[in-house]
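# Residue-level structural notes
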Amino acid sequence: MATRGSRSEKVKRIFQQFDANRDGGLNREEMAALVVAVNPRVKFSDEQINAILDEVFRTYAEFIDPAKGLTYDGLLRTYDDGAGDVDRDFDALGLELNPEETIIAKGGSEAASSSSIADERAVEAQKKQRTAAWAVSPNHGIVFDDTWKLVDDLEILIKRLKSKQEKVNNNSNNSNNNNADAFSDAGWSRELGPSTELSDKRIYWEESSHDYNVFVKELGVLRSKADGARSREEAFDGHMAIGRVLYEHQLFKEALVSFKRACELQPTDVRPHFKAGNFLLALEAAESGGNQWAYLLPQIYVNLGISLEGEGMVLSACEYYREAAILCPTHYRALKLLGSALFGVGEYRAAVKALEEAIYLKPDYADAHCDLASSLHSMGEDERAIEVFKEFQRASEMYTRVLAVWPNHWRAQLNKAVSLLGAGETEEAKRALKEALKLTNRVELHDAVSHLKHLQKKKKGKKNGNGNGGEGGPFIVVEASKFKTVATALQVRAFQKVTRLGKCDVEGLRKEMRDNDVPVSYSGSGGPTKSIRKPNLEEILRRLLISLKPETFQGAIKAINERILSVLDDSGSGRVDMGMFYAVIAPLCGGHSDKRKRVAFEALLWRPVNEGSSQITKTDADKYIKLLRAIYIPSHGMSEMLEVHGEEGGDSSVTVTFNQFLAMFDDPDWGFGIMSTILKLEGNDRNRHGNHVCSVCRYPVIGSRFKEVKARFSLCNQCYSEGKVPPSFKQEEYKFREYGSEAEAMKAKCVCFSGQSHKKPIAA
């Protein structure tokens, strides 16, 4: 390493080389010449040169002489700050120190030698001071001296790249109270060394630029140096350090390359797997490493949960968040993520418990407050939800600070809207919600829209003395008994569309049963079942619905968990009878209706009690039909649900053939006779009805149109299934005609006119 004396002499020679007018300063032209000369492989544009000079003259303003430019002391400071490599620049310029200068630099005496050693130590301390804290950490820091050289060289390369294309959005007001969770962001831990860079500012790298490509090539040279180390341990140390420096500067893509290379060099070391995002491998390495990596397990579980949640696997994510919270009960972020994930799958009571615990540990946790309020609202406890917002009135201010750093952070926009709504600022909430809508189409956002609309209507209803908006509101809700047609089938069809089960060919269920057998287990009553945990069932559904985007799949899981799994897992064990599950979803899957019924029957045959037979027990058949009705026909659900779960065991000697099963299934009163209507709705879903709009929601009618016979208003599928009618048409009873298309409506109108012409004689 060069001593301070030799460094200063080299800087002086460089300064003199470019001080063309010998005035003791480097003006912009002279500085531009220096920058170009020490970077011979880089072709700078005028704009880039000007940007570099602006940065230098602004950063080192105290060393700028207005008449002359950057002084020698200023140039020396730039090198001390790591803006350039003195030795490299000196060699690149082909300069040499004269023997006299070398002697002067060395000092020629013990005193000078002692002084230079002290200077060298000072330089070493300076270097460590400007390096991130992780580098000098005894557990995770740099081990080999040559690795420090790689780090210094890389810092210079990044500094050079940053001076050319840095696009940083500084946020001086953003404090460490930034608790927003973004599932789309990298779920890397801050446990392995916090990054002030990441918390203070966001850097946008232009990866398609020429400068960036040059940087990648030079980075490749450094990686080759790391690979050429004297041992695998030193090579590992080099690649880990390179990855960490790149990560600190938010060069995540390049950091990942280095961490993956480190994984190859030391497969059993948890750190590179952890940083590379290979959380399952990190988990395996940590669990097999004894106590050495035990402290990392909670964060690995959290990161694995975030990764799974980003793929739409929310039930699986819940398992890992729960494990993290068990291992580290004070891990408030794990509890918050667990609560939010539980809320995402409709398990509101459990969500409230986890979120309240997170808030107890960190009272100013904004995201936890927002999700807690949403969970309470979903449980119908709006008064408690309002209290949550009163306890945290500055939530919207925090989200505003987050958005200053990450303008495209859709979740921050969403939570800002919810917090504004809780504070009673409805108009501001609408604007924030519109911004969130521009950024994403996630199912959570649609839930939030419904939440917003509901609270607004409820607020108006209280003013008017009517929970649905009053007599002058947009609609009134009437009892289902006053509707005389197929509201239940419409609700089932709506569920089918939300879950996208129609996209799953029923043949896929048959293949799952054939190719992926489930081990037999025993329930509390002692009967054998093929049951699995909910996260494992989620994996099967992901295979069946592989074409869905993560956010769409997450919405499907929420609906299935709320409507089906909550019934099948009534004991709360977390396990589901797969034979019964396959049989329940088969009627809503894609394929011919006969095949759907056949696969439902085969799913019941697949259960251990029927396996190997061509018939199912009468007990199983009865239980299945009652479960089907309890799940899909809510009006009969509770009584039949209680009846079903009270029937464990029974006479297994009485069996049912497939034809007998069909008769039970198609029974219009005691079976699932609405399936014929569901099939009709599937075919009519995309039909439009000319200029007809729904009299309640005012949207164009798509699918079936329901026309009230007496009042002659029309409803869409959704409003009809929810029992909504215009307030101006309130009457004792409603009778609707269903039209699948306008052709049907025209045909009915013609028949009506024809009947009237035969009944009434023409007046004379």
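Small disclaimer: the values here were computed from a predicted structure and weren't measured.

### Quick notes on the overall build of the protein
Counting its regular elements, the protein contains 36 helices and 17 strands. Sorting the 764 residues of the protein into buried and exposed places 50% on the buried side. Here the contacts in the protein between residues at least 6 apart in sequence split such that 65% fall between residues at least 24 apart. Surface exposure of the protein reaches about 37,500 Å², of which carbon and sulfur atoms provide 51%.

### Section: the UniProt feature "repeat: TPR" (unreviewed entry) in the protein
According to UniProt, the "repeat: TPR" (unreviewed entry) feature falls on residues 236-269 and 332-365. Across residues 236-269, the secondary structure splits into 79% helix and 0% strand, with the terminal C-alpha atoms separated by 10 Å. Across residues 332-365 one finds 79% helix and 0% strand; the C-alpha atoms that close the span lie 9 Å apart.

### Brief notes about the sheet that holds strand β17 (residues 736-739)
Reading across the sheet, the three strands line up as β15-β14-β17 and stay open at both edges, with antiparallel pairing between neighbours. Edge positions in the open sheet fall to β15 (714-715) and β17, since each of these has one partner strand only. By the bridge criterion, two bridges tie strand β14 (residues 705-708) to β15 in an arrangement that is antiparallel. Looking across to β15, one finds that F706 is bridged to L715.

### Some details on the confidence of the model for the protein
The predicted model of the protein has a mean per-residue pLDDT of 74, with 67% of residues at 70 or higher. In this model residues 100-131 is a low-confidence stretch, pLDDT under 50, and it forms 24 contacts with partners more than four residues away in sequence or in other chains. In this model residues 167-201 is a low-confidence stretch, pLDDT under 50, and it forms 90 contacts with partners more than four residues away in sequence or in other chains.

### Comments concerning unusual backbone geometry
At R500, a residue that is not glycine, the phi angle is positive and equals roughly 60 degrees. Looking at the secondary structure, you find R500 in the loop between α25 (487-499) and α26 (506-515). Residue R712 is not a glycine yet carries a positive backbone phi of 65 degrees. When its relative accessible area of 56% is taken as the criterion, R712 is described as exposed.

### As for the side chain of R563
Tracing the backbone shows R563 in helix α28 (residues 550-568). Buried charge R563 goes without a salt bridge, the closest partner of opposite sign being E562 at 8.9 Å. A distance of 3.4 Å separates the side chain of R563 from the backbone oxygen of Y632, its partner in a polar contact.

### Section: helix α30 (residues 593-606)
Look at α30: 20 Å from first C-alpha to last across 14 residues, which is about the 20 Å you get at 1.5 Å a residue. Most of α30 is tucked away: ten of the 14 residues are buried. Among the residues of α30, S593, R596, K597, V599, A600, F601, A603, L604, L605 and W606 are the ones counted as buried.

### Remarks on the environment of V725
By the secondary structure assignment, V725 is in strand β16 (residues 724-725). Among the residues examined, V725 registers a relative accessible area of 0% and is labelled buried. Considered as a pair, V725 and S714 are eleven residues apart in the sequence and their alpha carbons are 9.1 Å apart.

### Topic: helix α19 (residues 366-378)
Spanning 13 residues, α19 covers 19 Å between terminal C-alpha atoms, matching the ideal 18 Å at 1.5 Å per step. Among the 13 residues in α19, twelve count as buried, and that is most of the element. Turning to α19, its buried residues number three or more, namely A366, D367, A368, H369, C370, D371, L372, A373, S374, S375, L376 and H377. Once α19 finishes, G380 follows within two positions and takes phi at roughly 85 degrees, a positive value.

### Re the packing of aromatic side chains
All told, the structure shown has 16 aromatic pairs when counted by the stated rule. Plain terms: the ring middles of F601 and F661 are 5.3 Å apart, the flat faces sit at 55 degrees to each other, and that makes the pair tilted. With a gap of 60 residues between them, F601 in helix α30 and F661 in helix α33 (residues 658-666) connect regions that are remote in the sequence. The burial state of F601 is the same as that of F661; both residues are buried. Taking 6.5 Å as the distance between ring centres and 25 degrees as the angle between the ring planes, the aromatic pair formed by F658 and F661 counts as stacked. One end of the pair, F658, and the other, F661, are both in helix α33, three residues apart, so they sit about a helical turn from each other. Across this residue pair, the class does not change: F658 and F661 are buried. R563 extends its terminal NZ or CZ atom over the ring of F495, reaching a point 5.2 Å from the ring centre. Over the ring of F658 we find R598; its NZ or CZ atom is 3.7 Å from the centre of that ring.

### A look at the pattern of salt bridges
Using the criterion set out here, one finds 26 salt bridges in the structure. In this structure, R223 engages E254 in a salt bridge whose closest nitrogen and oxygen atoms are separated by 3.7 Å. You can see R223 sitting in helix α10 (residues 210-227) and its partner E254 sitting in helix α12 (residues 252-265), a full 31 residues away along the chain. Like E254, R223 is buried. Of the charged contacts, one joins K618 and D622 as a salt bridge, the two residues approaching to 2.9 Å between their closest N and O atoms. Of this pair, K618 and D622 both sit in helix α31 (residues 618-632), separated by four residues, roughly a single helical turn. Each of D146, K149, R230 and E234 takes part in a single network of salt bridges with overlapping partners.

### Some words on the packing of α31 against α33
Put simply, α31 and α33 touch, their axes get as near as 10 Å, and they point 25 degrees apart. Accordingly, the angle class assigned to the pair α31 and α33 is roughly parallel. α31 and α33 meet at a crossing whose hand is right-handed. Together, A621, D622, Y624, I625 and L628 of α31 and F661, M664 and F665 of α33 make up the contact between the two elements. Split into classes, the residues belonging to the contact of α31 with α33 amount to seven nonpolar, no polar and one charged.

### Quick notes on the packing of helix α11 (residues 232-248) against α12
At a minimum axis separation of 8 Å, α11 and α12 run at an interaxial angle of 160 degrees. Between α11 and α12, the angle is such that the two are roughly antiparallel. Between α11 and α12 lies a crossing whose hand is left-handed. Where α11 abuts α12, its residues R232, A235, F236, H239, M240, I242, G243, R244, L246 and Y247 lie against F252, E254, A255, S258, F259, R261, A262, E264 and L265. Residues that form the contact of α11 with α12 fall into these classes: eleven nonpolar, three polar and five charged.

### Some points on the nonpolar core
One recurring pattern in soluble globular proteins is that nonpolar side chains are buried together. Judged by nonpolar contacts, the single largest core of 95 residues is most densely connected at L509, I564, F581, Y624, Y632 and F661. No other element matches the eight residues that α28 contributes to this core. In this structure, F581 is in contact with L537, L541, I560, I564, L565, L568 and V576, ignoring residues within four places of it in sequence. Membership of the second largest hydrophobic core comes to 27 residues, among which are L150, L161, L251 and A262.

### Observations concerning the side chain of H369
The residue H369 is located in helix α19 in this model. Given the relative accessible area of 3%, H369 is considered buried. Separated by 2.8 Å, the side chain of H369 and the backbone oxygen of P363 make a polar contact.

### Observations regarding the pairing of β14
Side chains of β14 alternate between two faces, with R705 and K707 and F706 and E708 buried alike. Where β14 lies against β17, four bridges are found, and the strand directions are antiparallel. Looking at β17, one finds that R705 is bridged to Y739. With antiparallel pairing between neighbouring strands as the criterion, β14 and β15 make up a hairpin whose turn holds five residues, including R712 at a positive phi of roughly 65 degrees.

So, how was this worked out
- Residues numbered from 1 in each chain as written.
- Predicted model: local features only at pLDDT ≥ 70, side-chain atom pairs only at ≥ 80, totals over all residues.
- Heavy atoms only, no water.
- Helix = DSSP H or I, 4+ residues; strand = E, 2+ residues; numbered from the N terminus.
- Buried < 20%, exposed > 50% of the residue type's maximum accessible area, 1.4 Å probe, protein only.
- Contact = heavy atoms within 4.5 Å.
- Areas by Shrake-Rupley, 256 points an atom, 1.4 Å probe, with all protein chains shown as cover.
- UniProt positions renumbered as here; feature names shortened; annotations may be inferred.
- Pairing = 2+ DSSP bridges.
- pLDDT = per-residue confidence, 0-100.
- Lys, Arg positive; Asp, Glu negative; His and termini not counted.
- Salt bridge = Lys/Arg side-chain N within 4 Å of Asp/Glu carboxyl O.
- Polar contact = N/O pair within 3.5 Å; in protein donor to acceptor, adjacent residues only side chain to side chain.
- Expected span 1.5 Å × (residues − 1).
- Phe/Tyr/Trp six-rings, centres within 6.5 Å; stacked < 30°, edge-to-face > 60°.
- Lys NZ or Arg CZ within 6 Å of the ring centre and 35° of its normal.
- Axes fitted to C-alpha atoms, helices over the stretch in contact; angles between N-to-C directions.
- Parallel < 35°, antiparallel > 145°, perpendicular 65-115°, else oblique.
- Left-handed = near helix turned anticlockwise from the far one by under 90°.
- Nonpolar A, V, L, I, M, F, W, Y, C, P; charged D, E, K, R; others polar.
- Core = buried A, V, L, I, M, F, W, Y, C linked by side-chain atoms within 4.5 Å.

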